[in-house]
Amino acid sequence: MRQFLFYLTFIIVLVISSCNGKNSSNNHSREVESSEKSSSLNDAKPETETHPGKTVYQKYCLTCHQADGSGVPGMFPPLSPNEWIADKDKMIELMLNGQSGEITVNGEVYNNLMPAHDFLSDQEIADVISYVRSSFGNDLEPVSKEKVAAAR
């Protein structure tokens, strides 16, 4: 039963992810507007300053990790301060190679698949990691595209 739920969740995430770029412009505008409102509550930056990684986050990460980075309990981990977010190398590896199997974040065990995002450019990966590392209660230094390129 647990394996069935895992595969069902994986298929749902893939379907939702593949539809991200195919939303009608009205739905996409509402989704972006809603996401920006939620993010502005968590970000200490003015609304006029948009982080370049935010767009990448909204397109590829928001479905699982939510607009506020809270994740989905028991399914997808939060992006709030934790040892995974604090480790630049671990974040880069995670983006490039994905993750399967059990991981523990803030004392909770997660066992869902995170697909590799190696199709993104070095700059996009650096931007989205830097966005996460400076949002959702995180206050960490950015990651450079050179560091991503070296890991690739």
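Scroll up a little and you will see the structure.
Residues numbered from 1 in each chain as written. Predicted model: local features only at pLDDT ≥ 70, side-chain atom pairs only at ≥ 80, totals over all residues. Heavy atoms only, no water.

Draft legend 1. How the structure looks around the packing of aromatic side chains. The tally for this structure, following the rule as stated, stands at four aromatic pairs. Here Y57 and F136 contribute two aromatic rings whose centre-to-centre distance is 5.4 Å and whose plane-to-plane angle is 45 degrees, an arrangement assigned as tilted. Placement of Y57 in helix α3 (residues 52-60) and of F136 in the loop between α7 (122-133) and α8 (145-151) is noted, with a sequence separation of 79 residues between them. The class for F136 is buried, based on a relative accessible area of 7%. A ring pair is formed by Y131 and F136, whose centres lie 5.7 Å apart and whose planes are at 85 degrees; its orientation type is edge-to-face. The pair formed by Y131 and F136 is uniform in burial state, with each residue classed as buried. By way of ring pairs, the aromatic residues Y57, Y131 and F136 are connected into one cluster. The ring of W84 carries K90 above its face, with NZ or CZ at 4.5 Å from the centroid. (Phe/Tyr/Trp six-rings, centres within 6.5 Å; stacked < 30°, edge-to-face > 60°. Helix = DSSP H or I, 4+ residues; strand = E, 2+ residues; numbered from the N terminus. Buried < 20%, exposed > 50% of the residue type's maximum accessible area, 1.4 Å probe, protein only. Lys NZ or Arg CZ within 6 Å of the ring centre and 35° of its normal.)

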